[in-house]
Amino acid sequence: MEATRYRIGEVSKITGLSKDTIHFYVKSGLLEPDFVDEANGYRYYSRWNLWQLDVITMCRKLSIPLSQVKEILASHDNTKVTSLLAAYRDQALSLSRYYQQVADDILWYEQVNERIQNKPLDSSVHLETLEQEVVIAGLCQEKQTYEHYHASMMEAAKDELLHAETIRRRYGYVLDLEAMNQNHLLKLQEYIQIPNCDYSLVNPENLLIIPAGEYAVFSVHIQEELADFSPLFDWLNEHHRTVDQVFADEIGLQLFGYVEYGYDLTIKAHLVDESSDKSAD
């Protein structure tokens, strides 16, 4: 009994696959028509070809690469097929974790920027006790241009940024206290904090320790590198406190708008320990 043969249009109707898709599988070497009429060149497909198309369709639904689909079709061995699928499952799980991180990062960025848009700045100075923090910083070179100290920080952090699994980060600066007294924002050093990184790829000289201790904290809007820092100095005079270092963290990650619209910073002025002041007296 002669085996039933199907033209491509019939195969398309039976399987629901378009003719273009079937042609693509043929050109890719996944599918070879069981019979070609030498007289007219017409290609005919068999029940075996229909089974192959069913396997190909299942594999493509699993997003298995064409090269692995070829292996599965050629194996004719369910044990080997199971092994191939198990290996691909591991790849799929890895990709799943990757895309979950992508989705989480996008949600984080949306939430950060929504908070920036809707939360008013707290310009009142208040006292906070902060833990020590280690960040990646460019080398401190006083009164350099923005491009220079930003480039220095980026070069220091490049390997860690390239290998980080997340886009989450926080940028910050070490500020010149004297310039702040003139309401000018002079950045002596730029740094970046990347969550869940051990900074093993960073040169030790580029690791900056932001010390633990008491900080006078407030938020301020920066426009053309100018801002009103008088609340800090008024607070220091009122409370008879002195500052040895000032750090500024950008409020959220904003990719654009810095130059035209300005940007917001959280100022963290590290207070000299009162007990050390008294012992020095």
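Keep in mind that what you see is a predicted model, and the values were worked out from it rather than measured.

(A) Expanded view of the packing of helix 4 (residues 66-75) against helix 5 (residues 78-118). Where helix 4 contacts helix 5, the axes come no closer than 9 Å and their chain directions differ by 160°. Considering the angle they form, helix 4 stands roughly antiparallel to helix 5. By crossing handedness, the relation of helix 4 to helix 5 is classed as left-handed. Side by side, helix 4 and helix 5 meet where Gln 68, Glu 71, Ile 72 and Ser 75 of the first sit next to Lys 80, Val 81, Leu 84, Leu 85, Tyr 88 and Gln 91 of the second. Per-class residue counts for the contact of helix 4 with helix 5 are five nonpolar, three polar and two charged.

(B) Looking closely at unusual backbone geometry. Notably, Ser 63 is not glycine yet its phi reads approximately 60°, a positive angle. On the secondary structure map, Ser 63 appears in the loop between helix 3 (47-61) and helix 4. One non-glycine residue, Tyr 199, lies in the positive phi region at around 60°. Looking at where Tyr 199 falls in the secondary structure, it is placed in the loop between strand 6 (187-193) and strand 7 (207-210).

(C) Structural view of the pairing of strand 10 (residues 263-271). Here strand 10 lies mainly inside the structure; eight of its nine residues are buried. By the bridge criterion, seven bridges tie strand 9 (residues 243-250) to strand 10 in an arrangement that is antiparallel. Bridged to Val 243 within strand 10 is Leu 271.

(D) Broad picture of the sheet that holds strand 8 (residues 213-222). Spatially, eight strands are ordered 3-8-10-9-5-6-4-7 in an open sheet, and the strand pairing comes out antiparallel. Only two strands of the sheet have a single partner each, and these edge strands are strand 3 (126-130) and strand 7. Strand-to-strand twist across the sheet, computed as the mean angle between neighbouring axes with direction ignored, equals 40°.

(E) Here's a closer look at the pattern of salt bridges. The final tally for this structure, using the stated rule, is six salt bridges. Close ionic contact of Asp 249 with Arg 170 constitutes a salt bridge, the shortest N to O distance being 3.2 Å. Linking Asp 249 in strand 9 with Arg 170 in strand 5 (residues 170-175), this pair joins segments that are 79 residues apart in sequence. Here Glu 225 and Lys 187 are joined by a salt bridge, their closest N and O atoms 3.4 Å apart. Taken together, the positions of Glu 225 in the loop between strand 8 and helix 8 (230-239) and Lys 187 in strand 6 put the pair 38 residues apart, joining distant regions of the chain. The buried category is assigned to Lys 187, whose relative accessible area is 3%. Residues joined in a network through salt bridges with shared partners are Glu 133, Arg 170, Asp 249 and Lys 268.

(F) Representation of helix 1 (residues 8-15) in the model. Within helix 1 the residues assigned to the buried category are Ile 8, Val 11 and Ser 12. Down the axis of helix 1, the buried set is contained in an arc of 100°. They therefore lie on one face. A positive backbone phi angle near 85° is found at Gly 16, which sits one or two residues after helix 1.

Rules used in this analysis
- Residues numbered from 1 in each chain as written.
- Predicted model: local features only at pLDDT ≥ 70, side-chain atom pairs only at ≥ 80, totals over all residues.
- Heavy atoms only, no water.
- Axes fitted to C-alpha atoms, helices over the stretch in contact; angles between N-to-C directions.
- Helix = DSSP H or I, 4+ residues; strand = E, 2+ residues; numbered from the N terminus.
- Parallel < 35°, antiparallel > 145°, perpendicular 65-115°, else oblique.
- Left-handed = near helix turned anticlockwise from the far one by under 90°.
- Contact = heavy atoms within 4.5 Å.
- Nonpolar A, V, L, I, M, F, W, Y, C, P; charged D, E, K, R; others polar.
- Buried < 20%, exposed > 50% of the residue type's maximum accessible area, 1.4 Å probe, protein only.
- Pairing = 2+ DSSP bridges.
- Salt bridge = Lys/Arg side-chain N within 4 Å of Asp/Glu carboxyl O.
- Arc of directions from axis to C-beta.

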